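Examining the three-dimensional arrangement
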Amino acid sequence: MRLKQFLVLPRLPERIIALQELAQNIWYSWNWELVKLFIRLDPEMWERCYQNPVEMLSKLPQETLQRAAEDDAFVASLDRVYQKYRDYLNQKRWFHYKYPDYENEHIAYFSLEYGLDTGLPVYSGGLGVLSGDTLKSASDIGLPMVAVGLLYRYGYFRQFLSSDGWQQERYEENDWYHMPVQLVKDENDKPLRVSLMLADSPVQIQLWKVSVGVTPLYLLDTNIPENSSKCREITSVLYGGDKDMRLRQEIVLGIGGIRALRALGIEPSILHLNEGHSWFLTLERIRSLMHEHNLSFNEAAQFVWSTTVFTTHTPVPAGNEKFDPVLIHRYLANYINELGISWRDFLSLGRIIPGDESEPFGMTVAALKTAAFANGVSQLHGKVARQMWHNIWPDLPVEEVPIKAITNGVHLSSWISHDIDELYESYFGPKYRERPGAPEVWKRIDKIPDAELWRTHNRRRERLVFFARKRLKQQLIRRGASQLDIQQAEQVLDPQILTIGFARRFSTYKRGSLIFSDPDRLAAMINDPEQPMQIIIAGKAHPLDNPGKEIIKQIITYLDEERFRKRIVFLEDYDINVARYMVQGADVWLNTPRRPQEASGTSGMKAALNGVLHMSVLDGWWAEGYSDKTGFKIGNGEEYDNVEVQDKLEAEMMYSTLEREVIPLFYERDQLKIPTGWVSKMKSSIRMAGEYFSAQYMLRNYTDKFYIPALNFSRQLRADNYRVTREVTSWLDHMTQSWNEIRIEDVDVPDLGPTVYVGQTFPISIRVHLGSIKPDDVRVELISGRLDAQEHILNYQPLPANLVDEPHEPGSQNGTYTFTGEVSCVESGRFGIAARVIPKNDHLPHTLKPKLIAWW
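Residues numbered from 1 in each chain as written. Predicted model: local features only at pLDDT ≥ 70, side-chain atom pairs only at ≥ 80, totals over all residues. Heavy atoms only, no water.

Another point: the nonpolar core. Membership of the largest hydrophobic core comes to 183 residues, with the highest contact counts inside it found for Trp-279, Phe-346, Tyr-707 and Ile-766. Broken down by element, this core gets its largest block of residues, 17 residues, from helix α30 (residues 695-738). Those residues in contact with Tyr-707 that lie beyond four places of it in its chain are Ile-107, Leu-143, Met-145, Ile-270, His-272, Val-309, Leu-699 and Tyr-702. Formed by 99 residues, the second largest nonpolar core is a distinct cluster that contains Met-533, Val-578, Met-582 and Met-688. (Core = buried A, V, L, I, M, F, W, Y, C linked by side-chain atoms within 4.5 Å. Buried < 20%, exposed > 50% of the residue type's maximum accessible area, 1.4 Å probe, protein only. Helix = DSSP H or I, 4+ residues; strand = E, 2+ residues; numbered from the N terminus. Contact = heavy atoms within 4.5 Å.)

This is how it looks when you write it as structure tokens:
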């Protein structure tokens, strides 16, 4: 059967036509005034459409739209919001003021998922929500960012539980023509497409655009009739299928993503890979540079390395993506041949030990080797990542492995409740709107009266309880529960008592059932007649994670007991909407990961911004955010080899903290029945999160530390038809071939006698044989400091040693030179001195290359 297709749009009256444009920009998701307008049109329809304004407008009766157009108050509100939207699109922002010379550059951001809003389900959890918050915040501060991802036909699954508590998955097909995405057309008004080859199969890819404020996000779609069924399924399900499916998705994201940007006329100056899933984009950038600028593979790879940013999120080796080389060969053998390198050389890019034929191809390893700028997502995770990937740079001390730390953050306007937001605006002043995420704004938190902040938070707790009851009733109806059970759902939870929120992916290391370690003790706490508490739990397990599903089932089994039934609830189908209610309405946000397996975590940041106190193991971001003024800790940052011992000890610490600190402080009230001690902690928590854990703050760090340096190298290296790139690559080739000639022959320390005192400074002379390498091409450094028990130097800063400027210095004719420097003893104890040689070139972001280091 042949069809002629049409796209039918709702006929909006002229007075409210702006709703059409506003619905197509994700800006609506962080603007309560606009959301209120959609809710005013039809509150029930808004919820039925998963808060998707495009679908809602398509389903509203024409009389509803006409009635809104005749409502002068509605139209006036719409006009005001639309003007605010237009002003937002056109205003100058932080980046424009600080870096005006870079406005016309492009930073391309790649991620496998984006959590932008409930009505656009192309995300699964924390990684996607971080990506979404990054794009929103990039828009807020004016970063010239463009993003690329995949358009999943079914997205991630919707969760429901069987009567015995076992997680079930339901996949719903997305109707893109009723979502805030728009098909990209070419100059002939045809869908814009790019293509690539997977093995011998051509794959056509069409593009959809999502407007995130002023940041464009392009989603790639292979579900088109011209493709085979195997190719159409590539963009069917997020994190679904086997390794074969995952590899094809990542090839489409990386190689297809770069081709999509080129088809759009976008030539990004630098690339940011959010996790290693999109790593194949580096190959496509190299291929394009080789073909269009006649660069060799090494020259193109050098340029790509200098202009690539990579963020790793996984703190355990097993969690990093790896592929069997046989599988990669199946799909990319011809592509690799086109790059002019051997299969062995290609595989070495993804192997810690290049010659280890048994090692699979690691996407994280490949990304670390091909990105000059790499980071973990918290200070602790940066340390863990440096230890985990130390073997890529075996000759470097762990502390100097080139993986930095930039702590994650969250988009303020997306997660702060509208009640709290209005309170902040009233007391923080205009800068709260003008400079979102500016740390100085949050110093004004103490201006808010305790009573007003507490009253506002109480409203949010009440909203959370009513929302939880409503969801619980829906869950019971779907399961076919009795009428009595459904009626009793109206009585669960109490809007006036201490409420703990726990919501996250159910993975074993997150220990979702730790709170149930001693059920009797927990029951006594929640049912205490004077100081009760209650818990709201939510979260999904990966469809293939049976141990995670067992944790959920175990929790549901406990909740069937009468002693828990009215005080603890599990909300199914955790998504952005559920998360908002929970982080805005709980009193305490509980987190129980096994340290150091939580790379960052961001849900606690969202909670803290709303005055919800965080209680967690000192892992991820909380190792930075915690103080006794901002929240509660479980333990003191211990790490254990025996997980059973760890669980037992930390469960005891958790219960003790609840009993001795959390519960008493919450119920300690003044004459006005305000918990002033608790509110004081709320204010400190808000200030801490607002100053240091917003995505705007995070992106300013990325910009200053990574983006601007990378943009500068991009400009240097591509100037004069990539002349500097060719020169630097030739220089590196020479350094690599000649490096074995280098040896440190002597480090001369003066005779200081038996005792040296703190503060004493003395000269060091170093004799270095460089062979054919010039002294200007190396940096000779002194390493000094206190020694630990294993005779490792602690807390050092490498100090440069300078070439002795003697034209006729003996030995210089045979490649041996003298360098001198000074060392200071800054603390008492055993003291050590070492020396090393590393390459030096101002046209490289850094020269900490594997194997290019010589130690004394």
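Once that is clear, we can look at the pattern of salt bridges. Two side chains that carry opposite charge are able to pair once their charged atoms sit near each other. On inspection of all chains with the given rule, the structure shows 62 salt bridges. The closest approach of N and O atoms between Arg-193 and Glu-226, which form a salt bridge, is 3.1 Å. With Arg-193 in strand β6 (residues 193-198) and Glu-226 in the loop between β8 (215-221) and α9 (229-232), this pair connects stretches of sequence that are 33 residues apart. In this structure Glu-226 comes out as exposed when scored by relative accessible area, which is 52%. With a shortest N-O distance of 2.8 Å, Glu-267 and Arg-262 are connected by a salt bridge. The class for Arg-262 is partly exposed, based on a relative accessible area of 28%. (Salt bridge = Lys/Arg side-chain N within 4 Å of Asp/Glu carboxyl O.)

With that settled, consider the sheet that holds strand β17 (residues 568-571). In space, the six strands of this open sheet follow the order β17-β16-β15-β18-β19-β20, with parallel pairing throughout. Edge positions in the sheet fall to β17 and β20 (631-634), since each has one partner strand and no second. Strand-to-strand twist of the sheet, defined as the mean angle between neighbouring strand axes without regard to direction, takes the value 20°. Note: strand β19 (residues 613-617) against β20, four bridges, orientation parallel. The partner of Met-615 across the bridge, within β20, is Phe-632. (Pairing = 2+ DSSP bridges. Axes fitted to C-alpha atoms, helices over the stretch in contact; angles between N-to-C directions.)

Let us look at the environment of Ser-77. Looking at where Ser-77 falls in the secondary structure, it is placed in helix α6 (residues 72-90). Classification of Ser-77 by relative accessible area gives buried; the value is 13%. As a C-alpha pair, Ser-77 and Ile-556 span 479 residues in sequence and 45 Å in three-dimensional space.

So, on to helix α29 (residues 676-692). For an α-helix, 3.6 residues make a turn, and residues three or four places apart therefore share a direction. Over its 17 residues, α29 runs 24 Å from end to end, which matches the ideal 24 Å to within 8%, given 1.5 Å per residue. Within α29, burial applies to Trp-678, Val-679, Lys-681, Met-682, Lys-683, Ser-685, Ile-686, Met-688, Ala-689, Gly-690 and Glu-691. (Expected span 1.5 Å × (residues − 1).)

The next subject is the side chain of Glu-572. Of note, Glu-572 is situated in the loop between β17 and α25 (576-585). Assessed through its relative accessible area of 5%, Glu-572 is described here as buried. A distance of 3.5 Å separates a polar side-chain atom of Glu-572 from the backbone nitrogen of Leu-161. At 3.1 Å, the side chain of Glu-572 and the side chain of Arg-478 are in polar contact. Once residues lying within four places of it in the same chain are set aside, the contact partners of Glu-572 are Gln-159, Phe-160, Leu-161, Arg-471, Gln-475, Arg-478 and Arg-479. (Polar contact = N/O pair within 3.5 Å; in protein donor to acceptor, adjacent residues only side chain to side chain.)

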